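# Breakdown of the fold
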Amino acid sequence: MTTQTVEQTTQSGAALVQGSAAFLDWLAGWWDRLPVLPLGAAVPDPAHTAVIAVDLVNGFCYEGPLSGPRVADIVPASVALLQATHAAGVTRFVLTQDTHDPDAPEFAQWGVHCVRGTAEAETIPELRDLHFAHLLWTVEKNSTNSAYGTPLDTWLDSPAQAAVDTFLIVGDCTDLCTYQLAMHLKLRANAAGRRVRVIVPENCVQTYDLPVPVAQQIGATPHDGNLLHLIFLYHMALNGCEVVRRVESGR
């Protein structure tokens, strides 16, 4: 360990935050420059494309202790993207969704939510009512990760999906389930020597916000939704995902 490393690890938290000012300024500019991706560029070949929606269920959008307007607000854009990609010829749509056991260990961190058989665990009506809803394949998950303990990897490795090299990701939360799915898709492909595109439209993903005063009042860990949304979008981009402002419906 170098002297510089020792000095860094003994800095106060305030000093660490102050020392990040230049990076945060750069990050603000990166956010402002997020590009708009035309649909034709996002879906050059619909036969090679899949759209995966993460946790667009009632329990995060409309009802229950973990629901809120920040996530509900991405529903129109997410549904519009599914409609646009389907109109462009995409037929592979996956919904990875919290469908928890009644005694799920995850409840120790997040409280009881989206229990199997409850309304919270149901797909939002906007997706259920799509005229191509029969193409939506639901993957039930018992953790924040869409691949652990689910058939997702089996599906990805099946001969029928071998041609898929472009994934569009929508849903919540940016820094939890969405991030873990994007990283899983990208890193498993890297390990296999495959080149894949993982596209994340910022207007179709979001996370929750828990301000410091509220968190202190209820004895929870604070969660700055705006900053963490930004940081984790950046981290997805750092790892090779294509983070864009939105996918423009017009070609």
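The structure this text deals with has already been given above.
Overview of the structure. Treat the numbers as computed from the prediction; the structure is a model and nothing was measured.

### Quick word on the overall build of the protein
If you tally the helices and strands in the protein, you get 13 helices and 9 strands. Here the C-alpha radius of gyration of the protein, 19 Å, is about what a compact globule of 251 residues would show, namely 18 Å. Seen through its principal axes, the protein has C-alpha atoms that stretch 55 × 40 × 35 Å. A total of 251 residues make up the protein; the buried ones form 45% of that total. The contacts in the protein between residues at least 6 apart in sequence include a share of 77% that link residues at least 24 apart. Counting every atom, the protein has about 12100 Å² of accessible surface; 57% of that belongs to carbon and sulfur. The distance from the centre of the 14 positive side-chain charges to the centre of the 26 negative ones in the protein is 10 Å.

### Notes on helix 13 (residues 225–238)
Relative to the 20 Å expected for 14 residues at 1.5 Å per residue, helix 13 spans 20 Å between its end C-alpha atoms, a close match to the ideal helical length. Taken together, the buried positions of helix 13 are Gly225, His229, Leu230, Leu233, Tyr234 and Met236. Along the axis of helix 13, the buried positions cluster into a sector of 165°, meaning they face one direction only. Buried residues along helix 13 sit against helix 3 (21–32), helix 6 (69–72), helix 11 (177–191), strand 6 (197–201), strand 7 (205–206) and strand 8 (242–244). At the C-terminal side of helix 13, Gly240 shows a positive phi close to 100°.

### Regarding the side chain of Ser158
Structurally, Ser158 is set in the loop between helix 10 (152–157) and strand 5 (166–172). A distance of 2.7 Å separates a polar atom in the side chain of Ser158 from the backbone oxygen of Trp155.

### Concerning the packing of aromatic side chains
Under the counting rule described, the total for this entry stands at 8 aromatic pairs. With centroids separated by 6.0 Å and ring planes inclined at 80°, the aromatic side chains of Trp26 and Tyr234 adopt a geometry described as edge-to-face. One end of the pair, Trp26, is in helix 3; the other, Tyr234, is in helix 13, with 208 residues separating them in the sequence. Note on Trp26: relative accessible area 42%, which makes it partly exposed. Of the aromatic side chains, those joined through ring pairs into one cluster are Phe23, Trp26, Trp30 and Tyr234. One cation-aromatic arrangement involves Arg245 over Trp31; the distance from NZ or CZ to the ring centre is 4.5 Å.

### Side note on the packing of helix 11 against helix 13
Taken N-terminus to C-terminus, the directions of helix 11 and helix 13 make an angle of 5°; their axes are 10 Å apart at the nearest point. One way to sum up the angle between helix 11 and helix 13 is to call them roughly parallel. Contacts between helix 11 and helix 13 involve Tyr179, Ala182 and Met183 from the first element and Phe232, His235 and Met236 from the second. A breakdown of the residues in the contact of helix 11 with helix 13 according to their chemical character gives 5 nonpolar, 1 polar and no charged.

### Overview of a nonpolar patch on the surface
There is a patch of nonpolar side chains on the surface, built from Phe23, Leu24, Trp26 and Leu227 and spanning about 350 Å² of accessible area. Looking at which element gives the most residues to the nonpolar patch, the answer is helix 3, with 3 residues. Structurally, the position occupied by Phe23 is in helix 3.

What counts as what
- Residues numbered from 1 in each chain as written.
- Predicted model: local features only at pLDDT ≥ 70, side-chain atom pairs only at ≥ 80, totals over all residues.
- Heavy atoms only, no water.
- Helix = DSSP H or I, 4+ residues; strand = E, 2+ residues; numbered from the N terminus.
- Rg over C-alpha atoms; globule rule 2.2 N^0.38 Å.
- Buried < 20%, exposed > 50% of the residue type's maximum accessible area, 1.4 Å probe, protein only.
- Contact = heavy atoms within 4.5 Å.
- Areas by Shrake-Rupley, 256 points an atom, 1.4 Å probe, with all protein chains shown as cover.
- Lys, Arg positive; Asp, Glu negative; His and termini not counted.
- Charge placed at Lys NZ, Arg CZ, Asp CG, Glu CD.
- Expected span 1.5 Å × (residues − 1).
- Arc of directions from axis to C-beta.
- Polar contact = N/O pair within 3.5 Å; in protein donor to acceptor, adjacent residues only side chain to side chain.
- Phe/Tyr/Trp six-rings, centres within 6.5 Å; stacked < 30°, edge-to-face > 60°.
- Lys NZ or Arg CZ within 6 Å of the ring centre and 35° of its normal.
- Axes fitted to C-alpha atoms, helices over the stretch in contact; angles between N-to-C directions.
- Parallel < 35°, antiparallel > 145°, perpendicular 65-115°, else oblique.
- Nonpolar A, V, L, I, M, F, W, Y, C, P; charged D, E, K, R; others polar.
- Patch = residues over 30% accessible without salt bridge, like charges linked within 9 Å, V, L, I, M, F, W, Y side chains within 5 Å.
- Salt bridge = Lys/Arg side-chain N within 4 Å of Asp/Glu carboxyl O.

All we've got here are geometric facts, nothing functional implied.
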